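Reading the structure
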Amino acid sequence: MSIVRGVFAVIGLAAFGLGWAGMYEYKEGKHPLDVLYFVLQLYVLGSDALQDGGPFPWQLEVARLLAPLFTLLTVVETGRLLLANEVRRFRSRTASRHAVVCGDTPFAKALARQLFNTGHRVVQVRARAFGPLELRHRRMLGVSGDARSANVLRAAGLRRARYLYVCGDDDQVNHAIAVAAGTELQLRRTSPWIYVQVNRQQTCHLLQARRLGAAGTNRFRLDYFHVDDVAARRLYQRHPLRRAGERPLRLLIAGEGSFPRVLLVETARFWRAAGGAPDGLHVDMIGPDAGRTVATLAARFPFLEQSCRIRAYNELLDTWLPRVARPARYDRIYLCHHDEQRMLDLALESPHLWHAVTEAVFVATYHSAALADAFHGGEHNDLLDEVGGRLQVYPILTRACDARLITDDLTERLAREFHQRYLTATGRGGTAGGVEWARLSESMRNANRAQVQGIAAKMRVLGCVIAVRNGEDAIITQEENERLARLEHERWCEERAGQGWRYGPRDDRRRRHPDLIGWDELGEPSREKARDAVRSMSDMLADEGFTIVRLNEPVGIAA
């Protein structure tokens, strides 16, 4: 559009210049102000000076055509600009399968750009007005207004959206937007997946527990996320750990705050998923309260100490480094401190730090994305030396702008684990459900997601709730396990029937399954599958840092 406007300007200036030259020659001896008046009249489809007839100088002939053309184009462009906002509102309101991003924060804007760059149609909802060039692409739309208003959400096409991301810097406003969206989506068969940013990591984990316990009470899917969790998972996608021959990998995580805690958990999780032996990874945690931090995380995530060897040192990095610098003791060092500038200065000026590591020092930062680009901008755009490849500035907010990882939420991870345990238990292939998750049909994925949402109903039957784990787990009795297995089978039958499946010999193409019968008629092998699903529930919740808390006394089958 800027090129078109440039052409408009050229036409307008050419009409004025040629008109002045031609009119000055045609009305020789007239005062310059009179000439100017006659030239300006050319733009309104007439000029008093031309009423006497020609012949006219060639410059004036050309100007007589260019000036009205410029006027016509200006009227059209003005109308387009006046209608542009209404056109954008109409396109936003009628969009479908798009992503709605609410928030005025840099993170919200970066996430919208990331979604747009990966091919999504995006509708941004902001309290502030948009700049003149922000919505110049057809797939990037915008609505200005308070996202807590149902009218604003409707204007963003919420009901036909695929995703809703709420990314404000005020958690109370974010919760209010989620409530407004939930109200708007009540009783709809299909609704967008909703992701709400929480700006305190511990609160995020607590809210995930509460949402998991309520997931079965409404139709739409909602989860909470924190940028630290997403960025930590992204770190090991970009920089995976690799075994160093026979010797164990040695890592140092130094600092305080939420990111070191999240990073320690994700390090152990990645190492376990990669098949690494516990003795193959040694992690040292350094900080003013490192011992208590490790103890708390070990009580919350039982796999932590089973996946690697962890030692905690209640020290400051400044006093620790000089004692361990030579020879190189660590493969990686992660610096994660709330005083980012001090960590950056230390990483840039400390030979002790460079000597202490064989691979790289990672400096985690929330506010230095531009500096990270200066260091790691690419082969021909790296403006600063990376200390021989030993310095990595890791911008947390930039790396957390990964919609794919945000949507790989708690529900998705538990559903994937349910499916993996099913494959391990049955080992069956040749059926629609007997393949890896990446090859699984969306219908079968939805069946596993429904199984996760069914956890809430099971908790209510037991008189239990889901909470953040502190090292203790409720014991589910054999009678309760049997009752829950029956409920799981009934839930599965209802979900499959809703997808068009019917009783009959197994035929995935025709949607027939022999287990679509009552529990009393079900064979023992099929009953055992339901029992296994219930037994695995506690372990899967513990893997995500949750546990089952009993509110009432154990109940029997007849209760």
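What you are looking at is a predicted structure, and each value in this text was computed from that prediction instead of being measured.

What to know about the environment of Leu207
- Examined against the element boundaries, Leu207 turns out to sit in helix α7 (residues 201–214).
- Note: C-alpha distance between Leu207 and Gly168 (39 residues apart in sequence) is 17 Å.
- Apart from residues no more than four positions distant in its own chain, Leu207 is found in contact with His175, Val198 and Tyr224.

Here we look at the nonpolar core
- Counting residues in hydrophobic clusters, the biggest one holds 58 residues, and the most contacted among them are Phe107, Leu111, Tyr165, Phe259, Leu264 and Tyr334.
- No other element matches helix α9 (residues 258–273), which puts seven residues into this core.
- Those residues in contact with Leu264 that sit more than four places away from it in its chain are Ile253, Val283, Met285, Val294, Leu297, Leu304 and Ile310.

Some remarks on a nonpolar patch on the surface
- A contiguous nonpolar patch, built from Phe16, Leu33, Leu36 and Leu40 and spanning about 340 Å² of accessible area, is present on the exposed surface.
- Considering every element that reaches the nonpolar patch, the biggest residue donor is helix α2 (residues 32–41), with three residues.
- Look at Leu33 and you get exposed, because its relative accessible area is 57%.

Remarks on the pairing of strand β8 (residues 281–286)
- Summarising burial for β8: five of the six residues are buried, a large majority.
- After leaving strand β7 (residues 249–255), the chain enters α9 and then returns to the sheet as β8, a path that is right-handed.

Focus: the confidence of the model for the protein chain
- Chain-level pLDDT for the protein chain is 86 on average; 90% of the residues reach the 70-or-more range.
- The weakest mean pLDDT in the protein chain belongs to helix α12 (residues 317–324) at 74; the strongest belongs to strand β4 (residues 163–166) at 97.

What counts and what doesn't
- Residues numbered from 1 in each chain as written.
- Predicted model: local features only at pLDDT ≥ 70, side-chain atom pairs only at ≥ 80, totals over all residues.
- Heavy atoms only, no water.
- Helix = DSSP H or I, 4+ residues; strand = E, 2+ residues; numbered from the N terminus.
- Contact = heavy atoms within 4.5 Å.
- Core = buried A, V, L, I, M, F, W, Y, C linked by side-chain atoms within 4.5 Å.
- Buried < 20%, exposed > 50% of the residue type's maximum accessible area, 1.4 Å probe, protein only.
- Patch = residues over 30% accessible without salt bridge, like charges linked within 9 Å, V, L, I, M, F, W, Y side chains within 5 Å.
- Areas by Shrake-Rupley, 256 points an atom, 1.4 Å probe, with all protein chains shown as cover.
- Salt bridge = Lys/Arg side-chain N within 4 Å of Asp/Glu carboxyl O.
- Right-handed = clockwise from strand over helix to strand, strands pointing away.
- pLDDT = per-residue confidence, 0-100.

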